[in-house]
Amino acid sequence: IFFNRAWLEFRGRRIEEEIDNGWMDGLHEDDHKRIVDAFLELAENGGRLNQLARVQTRSGATRWLRFIVPADRFGNTPGGDVFVGYCEDMTAQKHLEAELAKLQESAEESTRRAGAELEQVTAELSAAIGEAQAERDTLREEKAALEEERSALRAKLEHLQSEYDAILEESARAVEKHLDTAYL
């Protein structure tokens, strides 16, 4: 494997430390086996490579790199097949993806909370509407009973007025008759 100056500066190591499989020492332990297997598969069978892995830098920081070998064997030499590849620093993209995932999770949680609050408010409103409708029905029943009672009282009042008028008429006739007989 050939390592250019940019790689050596990125890793903070000398070429002697990177050649053969020395470069693999910088792979993150969770990515190491997968990347080694992918490179071994490429060496044995050819093909293309597109693998994402974490690699330790000169400062000890970890960066996400995409290892890319875009074409099958570039050629071959007495030392074996030649593959040409490169790396892309994907750290910023991975950070953006992680931030996006957090934002999506936060949005989903907010949506869940809002849904739960909406359900609670809906239940409370439904209960309040039910109580208001029950109160309305009770008031309608009381109004109907009061109207019925008022109609009954009106009828009784009319009956009493009628009796009173009849008694007054009878009394007036009796007084008139008494006066007629008294002056005759």
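Residues numbered from 1 in each chain as written. Predicted model: local features only at pLDDT ≥ 70, side-chain atom pairs only at ≥ 80, totals over all residues. Heavy atoms only, no water.

**Let's talk about the overall build of the protein chain**
Note the threshold: In DSSP terms, a helix is any run of H or I states spanning at least four residues, a strand is any run of E spanning at least two, and both are numbered starting from the N terminus. Computation of the radius of gyration draws on C-alpha atoms alone. For the globule rule, the value is 2.2 Å times the number of residues to the power 0.38. Under the convention used here, a 1.4 Å probe and the Shrake-Rupley method define accessible areas, while residue burial counts only the protein chains that appear.
Of regular secondary structure, the protein chain possesses 4 helices and 5 strands. For the protein chain, the N- to C-terminal ordering of α and β elements is α-α-α-β-β-β-β-β-α. Taken over C-alpha atoms, the radius of gyration comes to 50 Å for the protein chain, far larger than the 16 Å a tight globule of 184 residues would show. Principal-axis analysis of the C-alpha atoms places the extent of the protein chain at approximately 165 × 35 × 20 Å. Taken as a whole, the protein chain presents about 14400 Å² of accessible surface, with 54% of it coming from carbon and sulfur.

**Brief notes about the nonpolar core**
The cut-off we apply is this: Nonpolar cores were defined as sets of buried Ala, Val, Leu, Ile, Met, Phe, Trp, Tyr and Cys residues, with membership established by side-chain atoms within 4.5 Å. For each residue, the accessible area found with a 1.4 Å probe, counting protein chains only, is set against the maximum for its type, and the residue is called buried under 20%, exposed over 50%, and partly exposed in between. Whether two residues are in contact is decided by their heavy atoms: any pair within 4.5 Å suffices.
Counting 17 residues, the largest nonpolar core has Trp7, Trp23, Leu27, Leu49 and Phe67 as its most contacted members. Those elements that provide at least two residues to this core are α1 (5–11), α3 (29–45), β1 (49–56) and β2 (62–69). With 5 residues, the single largest contributor to this core is α3. In this structure, Phe67 is in contact with Trp7, Trp23, Leu27, Phe39, Leu49, Asn50, Gln51, Ala53, Val55, Tyr86 and Cys87, ignoring residues within four places of it in sequence.

**Remarks on the pairing of β1**
Spelled out, the test is: A pair of strands is treated as paired once DSSP finds two or more bridges between them.
As defined by bridge partners, β1 adjoins β2 across 8 bridges and the pair is classed as antiparallel. Bridge pairing in β2 places Gln51 opposite Phe67. The hairpin formed by β1 and β2 contains 5 residues between the paired strands, and Gly60 there has a positive phi angle of roughly 95°.

**Some remarks on the sheet that holds strand β5 (residues 86–89)**
Selection rule: Axis geometry follows a simple rule: fit a line to the C-alpha atoms, using only the stretch in contact for helices, then measure angles between N-to-C directions, giving values from 0 to 180 degrees.
In spatial order, the strands read β1-β2-β5; together these 3 strands make up an open sheet with antiparallel pairing. At either end of the open sheet lies a strand with only one pairing partner, and these are β1 and β5. Geometrically, the sheet is characterised by an average inter-axis angle of 30° between neighbouring strands, direction not taken into account. Contacts from α3 reach β1 and β2, with the element oriented near 140° to β1.

**Examining the pattern of salt bridges**
Here is the rule we go by: The salt bridge definition used is simple: a Lys or Arg side-chain nitrogen within 4 Å of an Asp or Glu carboxyl oxygen.
If you walk through the whole model with that rule in mind, you get 14 salt bridges. Glu109 is the partner of Arg113 in a salt bridge, and the nearest nitrogen-oxygen pair spans 3.7 Å. Of the two residues, Arg113 and Glu109 are both situated in helix α4 (residues 91–182); the distance of 4 residues between them amounts to about one turn of the helix. Residue classification places Arg113 among the partly exposed residues on the basis of a relative accessible area of 44%.

**Considering unusual backbone geometry**
Despite not being glycine, Asp20 has its phi angle at roughly 60°, a positive value. Tracing the backbone through its elements, the reader meets Asp20 in the loop between α2 (15–18) and α3. According to the relative accessible area criterion, Asp20 is exposed, its value standing at 61%.

**Side note on the environment of Thr111**
To keep it simple, the criterion reads: Two N or O atoms form a polar contact when they lie within 3.5 Å of each other; inside protein one atom must be a possible hydrogen donor and the other a possible acceptor, and for residues adjacent in sequence the pair counts only when both atoms belong to side chains.
Positionally, Thr111 belongs in helix α4. For Thr111, the side chain forms a polar contact with the main-chain oxygen of Ala107, separated by 2.8 Å.

**Description of the packing of aromatic side chains**
Rule in force here: To pair, rings of Phe, Tyr and Trp, with the six-membered ring standing in for Trp, must have centres within 6.5 Å; the planes then decide the type, stacked if under 30 degrees apart, edge-to-face if over 60, and tilted in the middle. Should the NZ of a Lys or the CZ of an Arg lie within 6 Å of a ring centre and within 35 degrees of the ring normal, that charge is described as sitting over the ring.
By the definition in use, this model includes 6 aromatic pairs. Considering the side-chain rings of Trp7 and Phe10, the 5.8 Å spacing of their centres and the 40° angle between planes classify their relative orientation as tilted. Taken together, the residues Trp7 and Phe10, both in helix α1 and 3 residues apart, mark about one turn of the helix. The interplanar angle of 85° and the centroid separation of 5.9 Å between the aromatic rings of Phe39 and Phe67 together place this pair among those described as edge-to-face. Placement of Phe39 in helix α3 and of Phe67 in strand β2 is noted, with a sequence separation of 28 residues between them. For the pair formed by Phe39 and Phe67, the shared burial category is buried. Taken together, the ring pairs connect Phe3, Trp7, Phe10, Trp23, Phe39 and Phe67 into an aromatic cluster. Between the NZ or CZ atom of Lys94 and the centre of the ring of Trp64, over which it lies, the distance is 4.4 Å.

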